[in-house]
Structures are given as structure tokens and as C-alpha cells.
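Residues per chain are reported as follows:
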Amino acid sequence: MKKKQITQEEMNIWHMWKGSYQSIFGRVVKDLTDQTGLSEGDFGILDRLDQFGNGELRQQELADSMNWDKSRLSHHLTRMEKRGLVVRKPSDSDRGVQVIITEAGKTALNEALPVVSEAIREHFLSLLTEEDVESIGRIGERVRKSYS
């Protein structure tokens, strides 16, 4: 069965959505990096360790939460370990590896959170009406449910 191609208007909406996301995300990451020295990956790892793991997560859980393969995460963690932001240790319960945020990592995250919040507000939320926020919330929830 031949699938129906999307219309030019639908393609334009797709490009607008994707371009808007990339522009906003790029500005937020630039502000983060310029003001804190953390990369988007650094922040994502530190934030997940804090939010999902109370300071530590199995390396595989961290990779899954970031949608990164094990090799990419491992290389990134090696760079973060050299900067003193995280440590890795063998898991006590199995053959896995625990990733643990250090005091330096907590400090870096705590300094980055207000920068990221302000950047999100400046580059995204300030452009939206209440109706926009509600619509985006509904769309996001619908998409999330369809891929859960």
C-alpha cells in the first residue's frame, strides 16, 4: 500500500517546528556554555543524576534516560571525571557501574540551573501566551503518550 505524501503546507509546518526548536535549544545551550562552561551533555548528566537518582544512577539507566549509546556516555563521563564532576564505581549489587555526582558536580549544577531557567524564559517562555502554553502542553502530552 502506497502511503500518502505530506503536503507542502505540512512540510512547512514540520520545518518551522524543527527550526524553532533548534533555534531555541541552541540559544539555551549557548547561554549555558558561555556562563558556566558546561556543555549540554554535562548539564544533562548532572541534572539526571540529581533529579532521577538522588545523586547517582547506574550507567545504563543514565544512558537510557539520555537516549545515548553506552560508548558515547562512557567517553563523556571520562571527560567529566577528569574535571571532577562525577565519579564511577562498580555497583555493589551486580556487574553494573554507578555514576555519582561529586560536590564539584553539585556546585556546577546549582550554578547552572538558574542560567538554564533564565535562558528558557528569555528564549522560549517569554514569547508564548497562556493559550500557547496550554496548546504546547496538550501536544506534548499527546506525543508522549503515543510513544510511551
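The structure we're discussing is the one just above.
Residues numbered from 1 in each chain as written. Predicted model: local features only at pLDDT ≥ 70, side-chain atom pairs only at ≥ 80, totals over all residues. Heavy atoms only, no water.

A closer look at the overall build of the protein chain
Scanning the protein chain from terminus to terminus reveals 6 helices and 3 strands. Seen in sequence order, the protein chain has helices and strands lined up from the N terminus as α-α-β-α-α-β-β-α-α. Taken against the 2.2 N^0.38 rule, which gives 15 Å for 148 residues, the C-alpha radius of gyration of the protein chain at 19 Å runs more than 25% over that of a compact globule. Split into buried and exposed, the 148 residues of the protein chain put 28% on the buried side. Within the protein chain, contacts between residues separated by at least 24 positions form 51% of all contacts whose residues are at least 6 apart in sequence. A total accessible area of about 10700 Å² is found for the protein chain, and carbon and sulfur atoms account for 53% of it. Between the centroid of the 22 positive side chains of the protein chain and the centroid of its 24 negative side chains there is a distance of 8 Å. (Helix = DSSP H or I, 4+ residues; strand = E, 2+ residues; numbered from the N terminus. Rg over C-alpha atoms; globule rule 2.2 N^0.38 Å. Buried < 20%, exposed > 50% of the residue type's maximum accessible area, 1.4 Å probe, protein only. Contact = heavy atoms within 4.5 Å. Areas by Shrake-Rupley, 256 points an atom, 1.4 Å probe, with all protein chains shown as cover. Lys, Arg positive; Asp, Glu negative; His and termini not counted. Charge placed at Lys NZ, Arg CZ, Asp CG, Glu CD.)

Section: the layout of surface pockets
Looking at the largest pocket, its volume works out to about 640 Å³. Lining the largest pocket are 20 residues, with Ser20, Tyr21, Ile24, Phe25 and Phe124 positioned closest to its centre. If you list the elements that add at least two residues to the lining of the largest pocket, you get helix H1 (8–36), helix H2 (40–53) and helix H5 (103–123). The dominant element in the lining of the largest pocket, judged by the number of residues it contributes, is H1, at 10 residues. Looking at the lining of the largest pocket residue by residue, the classes come out as 15 nonpolar, 2 polar and 3 charged. (1 Å grid on protein atoms, 1.4 Å probe; cavity = no way out; pocket = protein on both sides within 12 Å on 5 of 7 lines; lining within 4 Å. Points joined across faces, edges and corners; volume = space filled by probe spheres on them. Nonpolar A, V, L, I, M, F, W, Y, C, P; charged D, E, K, R; others polar.)

Brief notes about the nonpolar core
Residues Ile45, Leu46, Leu49 and Leu62 are the most contacted members of the largest nonpolar core, which totals 24 residues. Elements supplying a minimum of two residues to this core: H1, H2, helix H3 (59–66), helix H4 (70–82), strand E3 (97–101) and H5. If one sorts the elements of this core by residue count, H5 sits on top with 5 residues. Filtering out sequence-adjacent residues up to four positions away, Leu62 remains in contact with Ile45, Arg48, Leu49, Leu57, Leu73, Leu77 and Val99. (Core = buried A, V, L, I, M, F, W, Y, C linked by side-chain atoms within 4.5 Å.)

Looking at the environment of Ser93
Note that Ser93 resides in the loop between strand E2 (86–90) and E3. Given the relative accessible area of 67%, Ser93 is considered exposed. C-alpha separation for the pair Ser93 and Asn110, spaced 17 residues apart in sequence, amounts to 30 Å.

Here we look at the packing of H2 against H4
Interaxial distance between H2 and H4 falls to 11 Å at its minimum, and their mutual angle equals 90°. The angle between H2 and H4 falls in the class roughly perpendicular. The residues of H4 that touch H2, namely those facing Gly41, Asp42, Ile45 and Leu46, are Leu73, His76, Leu77 and Met80. Across the contact of H2 with H4, the residue classes break down as 5 nonpolar, 2 polar and 1 charged. (Axes fitted to C-alpha atoms, helices over the stretch in contact; angles between N-to-C directions. Parallel < 35°, antiparallel > 145°, perpendicular 65-115°, else oblique.)

Examining the packing of aromatic side chains
Given two aromatic rings, one states the distance between the centres and the angle between the planes to describe the pair. Scanning the entire structure with this criterion turns up 1 aromatic pair. For the ring pair Tyr21 and Phe25, a centre distance of 5.4 Å and an interplane angle of 20° mean the geometry is stacked. Of the two residues, Tyr21 and Phe25 both sit in helix H1, 4 residues apart, roughly one turn of that helix. (Phe/Tyr/Trp six-rings, centres within 6.5 Å; stacked < 30°, edge-to-face > 60°.)

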